[in-house]
Amino acid sequence: MAPPTTTPKRAKQRRGEGQWALGYREPLNPNERSKKDDNPLNVRDRIENIYAHGGFDSIDPADLRGRFRWYGLYTQRKPGIDGGRTATLEPEELDDEYFMLRIRIDGGAVTTEQLNVIGEISQTYARDTADITDRQNIQYHWIRVEDMPVIWQKLEAAGMTTMEACGDSPRVILGSPVAGISEDEIIDGTPAIEAIKNTYVGDKAFSNLPRKFKTAISGLQDVAHEIHDVAFVGVMHPEHGPGFDVWVGGGLSTNPMIGKRLGAWVPLDEVPSVWEAVISVFRDYGYRRLRHRARIKFLVADWGPEKFREIMEEKYLGRKMIDGPAPEVPERPVDHVGVHRQKDGKFYVGAAPIAGRVSGSVLMEVAKAAERAGSNRVRFTPLQKLVVLDVPEAEVPALSAELAKLGLQTNPSPWRRGVMACTGIEFCKLAIVETKARAAELVSVLEERLADIQAGVEHPVTVHINGCPNSCARIQTADIGLKGQIVTDADGNQVEGFQVHLGGGLGLDAGFGRKLRGHKVTATELSGYVERIVRNYVKGRSEGERFPQ
Ligand code: SF4
């Protein structure tokens, strides 16, 4: 495993980086201009009162490609445009008149009643689409702007929202899918997630950030905390007891960086104020000149964690935080798939769709099956899986069988369990290649061809598939990371394919997969390629060895 050496390079600060705190209040690029011209949260009013009546053509382009995101809305890709043309077309040529819509589901937590509402909206307004994202959200497609008022009405009546699901804002907070019921967690972070969501989401003081801001809070290490803008990781303090260790500055895409520990221990009730201090530093000192340098990781890389903590404490918190120990690191993050005992004696049942692809109808069936098993709580996971909580032992076999009939296996093959994929060319305007269907095909081929070695693979081999150089499916943290691009096949044709990254992972020895020079594979050769890598790994490894680079 390579050490996480890919710290963003220090830029020479010859001129300002557009930080508000240093007096740069005038926008330095079009995105900053748009946010200053009108707070993005104001767009909801225009959607409900103007665009929903006037239709797609009535939408102001600055709202369409900018402020709509603050309510989870992106235009989706016009069907039929191949990946080779993605970079050559203007945004309006790629825009379909339909939208992708994200519901933010903090902590991935829904009731079966909410799941039913999600499913009904999907069936009525989204052509039955519903993907579980790796940020515990639900993502619809084929949404029309005309339907947004009624969709919000239904979601909000059921206690859900799309507010700040996207945009330069505090996005959905990742939380342990088994918070409060796990036998292993150090502390339940749910009250902190709820407090932050209820206090800060929709607050205009935090709705114009330099870039997106991703938070993870968990008493277990199951939310990829290493790659979040801010993360609170459960830890036991020798004197003060259970609380959280604070990490800042993690992130993927360009210049990936593992988050840095601030060395501070925070009790549960202080998590919201510490979170507010971190996001305030980002808002005021974050770099707003260049968008590709605007994530908090660049500030953390330039300052270092010591200075970051000092500014936070002195300028925002008004107090010193307590020093604290590092959390113990598990060998690998847990995915909660399978049947597990809760601390109250009931069970939770985790099931694996392929790469998060379900549908509104399937989610409604899951709700029914959960209720028949005596449960009304379901969780989505950061690995695109779902978990039914609170199942009495006697109901587990029947529930597992019902889920399996829905394509949600509770004892999946290691390949099905380990695969993730982003949205890809089916709907994403930035995509170069297909991803979800390719993930399904890959799983099916590997299940057939690798049946002979399946029993010997005790941990899932993680395969993450991205449709472009962005890292929505976290390719750098997979055993096999596949970054979509156009490649040249054996006959010299330009075809869909992938740059391969090998050996990434979180947990013990967290680090990013190595991009192997020249390791590119065409989409049609993908299954055979992955099969060969896995066979070689299984044949050559010693006991307990992680995936090689
Ligand atoms: Fe779209 Fe690229 Fe993100 Fe995939 S990785 S969802 S193709 S932006």
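Please refer to the structure placed before this passage.
The shown structure was predicted, so the numbers you read here are calculated from the model rather than taken from an experiment.

A. How the structure looks around the overall build of the protein. When you go through the protein residue by residue, the secondary structure sums to 15 helices and 21 strands. What you see for the protein is a C-alpha radius of gyration of 23 Å, in line with the 24 Å of a compact globule of 549 residues. With respect to the three principal axes, the spread of C-alpha positions in the protein is 65 × 60 × 50 Å. The 549 residues of the protein split such that 61% are buried. In the protein, of all internal contacts separated by at least 6 residues, the share reaching a separation of at least 24 is 70%.

B. Structural view of the nonpolar core. Counting 53 residues, the largest nonpolar core has I118 and I138 as its most contacted members. Ignoring any residue separated from it by four or fewer positions in sequence, one finds I138 in contact with L101, R102, I103, I105, I118, A130, D131, I132, L363 and F380. Counting residues in each nonpolar core, the second largest holds 40 residues, with I193, V271, I279 and F308 among its members.

C. Focus on the pattern of salt bridges. For the coordinates displayed, the defined rule picks out 39 salt bridges. A salt bridge links R377 to D390; its shortest N-O distance comes to 2.7 Å. Here D390 lies in strand β16 (residues 386-391) and R377 lies in strand β15 (residues 377-380), a separation of 13 residues in the sequence. Under the relative-accessibility criterion, R377 is labelled partly exposed at 25%. Among the ionic contacts, a cluster of salt bridges with common partners joins E32, K35, D168, R288 and R291.

D. The site of the ligand, seen in detail. Near the ligand you find C422, T423, C428, L430, A431, N466, G467, C468, N470 and C472, and these make up its full shell. Its residues placed into classes, the shell around the ligand shows six nonpolar, four polar and no charged.

E. Just the sheet that holds strand β3 (residues 109-111), in detail. Sheet architecture is open: five strands sit in the order β3-β15-β16-β13-β12, paired in antiparallel fashion. Looking at the sheet topology across the chains shown, the edges are occupied by β3 and β12 (338-341). Pairwise comparison of adjacent strand axes, ignoring direction, gives a mean angle of 25 degrees for this sheet. Inspection of the sheet shows β12 paired to strand β13 (residues 347-351) by four bridges, in the antiparallel sense. Residue pairing in the sheet places V339 in a bridge with V349 of β13.

F. Layout of the environment of E447. Inspection of the secondary structure assignment puts E447 in helix α14 (residues 436-449). A relative accessible area of 24% places E447 in the partly exposed class. As for E447 and S413, which are separated by 34 residues in sequence, their C-alpha atoms are 6.9 Å apart. In this view, E447 contacts S413, W415, R416 and Q454; residues no more than four positions away in its chain are not counted. A distance of 2.7 Å separates the side chain of E447 from the side chain of S413, its partner in a polar contact.

Here is what the cut-offs are and how they apply
- Residues numbered from 1 in each chain as written.
- Predicted model: local features only at pLDDT ≥ 70, side-chain atom pairs only at ≥ 80, totals over all residues.
- Heavy atoms only, no water.
- Helix = DSSP H or I, 4+ residues; strand = E, 2+ residues; numbered from the N terminus.
- Rg over C-alpha atoms; globule rule 2.2 N^0.38 Å.
- Buried < 20%, exposed > 50% of the residue type's maximum accessible area, 1.4 Å probe, protein only.
- Contact = heavy atoms within 4.5 Å.
- Core = buried A, V, L, I, M, F, W, Y, C linked by side-chain atoms within 4.5 Å.
- Salt bridge = Lys/Arg side-chain N within 4 Å of Asp/Glu carboxyl O.
- Near = heavy atom within 4 Å.
- Nonpolar A, V, L, I, M, F, W, Y, C, P; charged D, E, K, R; others polar.
- Pairing = 2+ DSSP bridges.
- Axes fitted to C-alpha atoms, helices over the stretch in contact; angles between N-to-C directions.
- Polar contact = N/O pair within 3.5 Å; in protein donor to acceptor, adjacent residues only side chain to side chain.

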